[in-house]
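Structural characterization, general
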Amino acid sequence: MNFLGGIAMKDRTQKIVSHLWFDKQSYEAAEFYTSLFPDSKITNMTTIHDTPSGDPAIVSFRLWGQEFMAIDGGPHFKFNPAVSFSVNFDVSHYKDAPEMINEVWDKLSDGGTVLMPFDNYPFAEKYGWIQDKYGLSWQLILTDSGEERPSILPSLLFIDHNYGHAEAAIQFYLSIFKNSTAGQLARYPAGMDPDKEGTVMFADFMLENQWFTAMDSANAHEFNFNEAISFLVKCDTQDEIDYYWEKLSAVPESEQCGWLKDKYGVSWQIVSGEMDDMMGSNSTPEQIARVTQTMLKMKKIDVEALRKAYNMED
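Presented here is an overview of the structure given in this document. Everything numeric here is computed off the predicted structure, so don't read it as measured data.

The strand order 2-3-4-1-13-15-14 describes an open sheet built from 7 strands, whose pairing is mixed. The open sheet is flanked by strand 2 (41-47) and strand 14 (259-261), the only strands paired with a single partner. Averaged over all pairs of adjacent strands, the angle between their axes in this sheet comes to 25°, without regard to strand direction. Where strand 13 (residues 229-235) meets strand 15 (residues 267-272), 6 bridges bridge the pair, whose relative direction is parallel. Note that in strand 15 the partner of cysteine 235 across the bridge is serine 272.

In contact at an axis separation of 11 Å, helix 3 (residues 166-176) and helix 4 (residues 238-248) are set at 160° when each is read in the N-to-C sense. Here helix 4 runs roughly antiparallel to helix 3, going by the angle between their axes. At the point where helix 3 passes helix 4, the crossing takes the right-handed sense. Side by side, helix 3 and helix 4 meet where Phe172, Tyr173, Ser175 and Ile176 of the first sit next to Tyr243, Tyr244, Lys247 and Leu248 of the second. Here the contact of helix 3 with helix 4 is built from residues that sort into 6 nonpolar, 1 polar and 1 charged.

Time to look at unusual backbone geometry. In this model, aspartate 193 is joined to proline 194 through a cis peptide bond whose omega is 10°. The residue proline 194 is located in the loop between strand 10 (181-187) and strand 11 (200-207) in this model. Residue cysteine 257 is not a glycine yet carries a positive backbone phi of 55°. Looking at the secondary structure, you find cysteine 257 in the loop between helix 4 and strand 14. On the basis of relative accessibility, which here comes to 1%, the residue cysteine 257 falls in the buried class.

Every buried residue of helix 4 is listed here: Glu240, Ile241, Tyr244, Trp245 and Leu248. Looking straight down helix 4, one finds that the buried residues subtend no more than 130° of arc, so they occupy a single side. Every exposed residue of helix 4 that faces more than 90 degrees away from the buried side is listed here: Asp239 and Glu246. Residues of helix 4 that are buried make contact with helix 3, strand 13, strand 14, strand 15 and helix 7 (303-311).

Here strand 9 (residues 152-158) lies mainly inside the structure; 7 of its 7 residues are buried. Where burial is concerned, the two faces of strand 9 agree: the one with Ile152, Pro154, Leu156 and Phe158 and the one with Leu153, Ser155 and Leu157 are both buried. The pairing of strand 9 with strand 12 (residues 210-216) spans 4 bridges and is parallel. Across the sheet, residue leucine 156 finds its bridge partner in strand 12, namely alanine 214.

Within the largest apolar cluster, 88 residues are counted, with the highest numbers of intra-cluster contacts made by Leu20, Tyr33, Phe89, Trp138, Tyr173 and Trp268. At 7 residues, the largest contribution of residues to this core is made by helix 3. Here tyrosine 173 is in contact with Leu156, Phe205, Leu207, Leu248, Asp262, Tyr264, Val266 and Trp268, once residues within four sequence places are set aside. Counting 7 residues, the second-largest nonpolar core is a separate cluster that includes Ala124, Trp129, Leu157 and Ile159.

Here the focus is the pattern of salt bridges. In this structure the tally under the stated criterion is 9 salt bridges. As a salt-bridge pair, aspartate 39 and arginine 62 come within 3.4 Å of each other at their nearest N and O atoms. With aspartate 39 in the loop between helix 1 (26-34) and strand 2 and arginine 62 in strand 3 (residues 57-63), this pair connects stretches of sequence that are 23 residues apart. Under the relative-accessibility criterion, arginine 62 is labelled partly exposed at 23%. Linking glutamate 304 and arginine 307 is a salt bridge whose minimum nitrogen-to-oxygen distance equals 2.8 Å. Taken together, the residues glutamate 304 and arginine 307, both in helix 7 and 3 residues apart, mark about one turn of the helix. Residue classification places glutamate 304 among the partly exposed positions, given a relative accessible area of 36%.

Of all 8 residues in strand 11, 6 are buried, a share of seventy percent or more. Relative to strand 11, strand 10 runs antiparallel, the two being bridged by 5 bridges. Within strand 11, the residue paired with alanine 186 across the bridge is phenylalanine 202. Here strand 11 runs beside strand 12; their pairing, made up of 5 bridges, is antiparallel. Within the sheet, the bridge partner assigned to phenylalanine 205 lies in strand 12 and is phenylalanine 212. Once strand 11 ends, the chain turns through 2 residues before running back antiparallel as strand 12, passing glutamate 208 with a positive phi of about 50°.

Rules used throughout
Residues numbered from 1 in each chain as written. Predicted model: local features only at pLDDT ≥ 70, side-chain atom pairs only at ≥ 80, totals over all residues. Heavy atoms only, no water. Pairing = 2+ DSSP bridges. Helix = DSSP H or I, 4+ residues; strand = E, 2+ residues; numbered from the N terminus. Axes fitted to C-alpha atoms, helices over the stretch in contact; angles between N-to-C directions. Parallel < 35°, antiparallel > 145°, perpendicular 65-115°, else oblique. Left-handed = near helix turned anticlockwise from the far one by under 90°. Contact = heavy atoms within 4.5 Å. Nonpolar A, V, L, I, M, F, W, Y, C, P; charged D, E, K, R; others polar. Buried < 20%, exposed > 50% of the residue type's maximum accessible area, 1.4 Å probe, protein only. Arc of directions from axis to C-beta. Core = buried A, V, L, I, M, F, W, Y, C linked by side-chain atoms within 4.5 Å. Salt bridge = Lys/Arg side-chain N within 4 Å of Asp/Glu carboxyl O.

Remember, this is a structural readout, not a statement about activity or role.
As structure tokens, this is what we get:
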């Protein structure tokens, strides 16, 4: 497996960033996604040379005020609904939310695959789950909650061997990340077979000011968490890198270039903000190449080793 760390970070105000792995369509997809939502734009594009995946493009973009990153990493990983993105169209914040959700659904439907029909449900006046033409999954919901939540939330689906572990996973993540809090929790009632009474029907939680949702599903699925969607954690110090690495990494064979997998199979990238400066426009091509080649040999990011490569120190 070829892994490439998040090395094009420009805005460090968001601690955790959703990272999307494409074959070769990262910029095209970013253009499409930024056309769907307000407060959205492509913020940066970088090409990294001489990696195991060739010369991949890394695209940073904002969707409805939230940072995302995407990479042309090759055909190694494919999106699946184990991680999707919930999009709340809240009437209390946007009066035209009913028109907005219809328009976005129509655009995502072009070349996409419906997973749950766009319809009225007991929990929402309008809801639908769809995979777009790139394979990325979206859950669109029309709400009128008035709550302060971001419009787009990464959503984790706990299935197969992970079934029934959503609540434990939430507590695990809350114990690791600072500035975190539990949100809503709704459990399956009796009679919702194959789902067991008491497992998580819906929950949301915040890690470092980034909201997530999670649910259990006992239905048969032929997919699970993989590296196609990872969560990039921006660290200011080596101690912080060491902390998250020790707490999260549970699959040694998946450790590469700052990437790791936790005990549930969710992929994370534990990265250095200082490395972003080294890869910036003030650096020479030779400095960028040395940092890149040094990083590609690492498992956990070693900031001091990157500094030495940048400055050509032994």
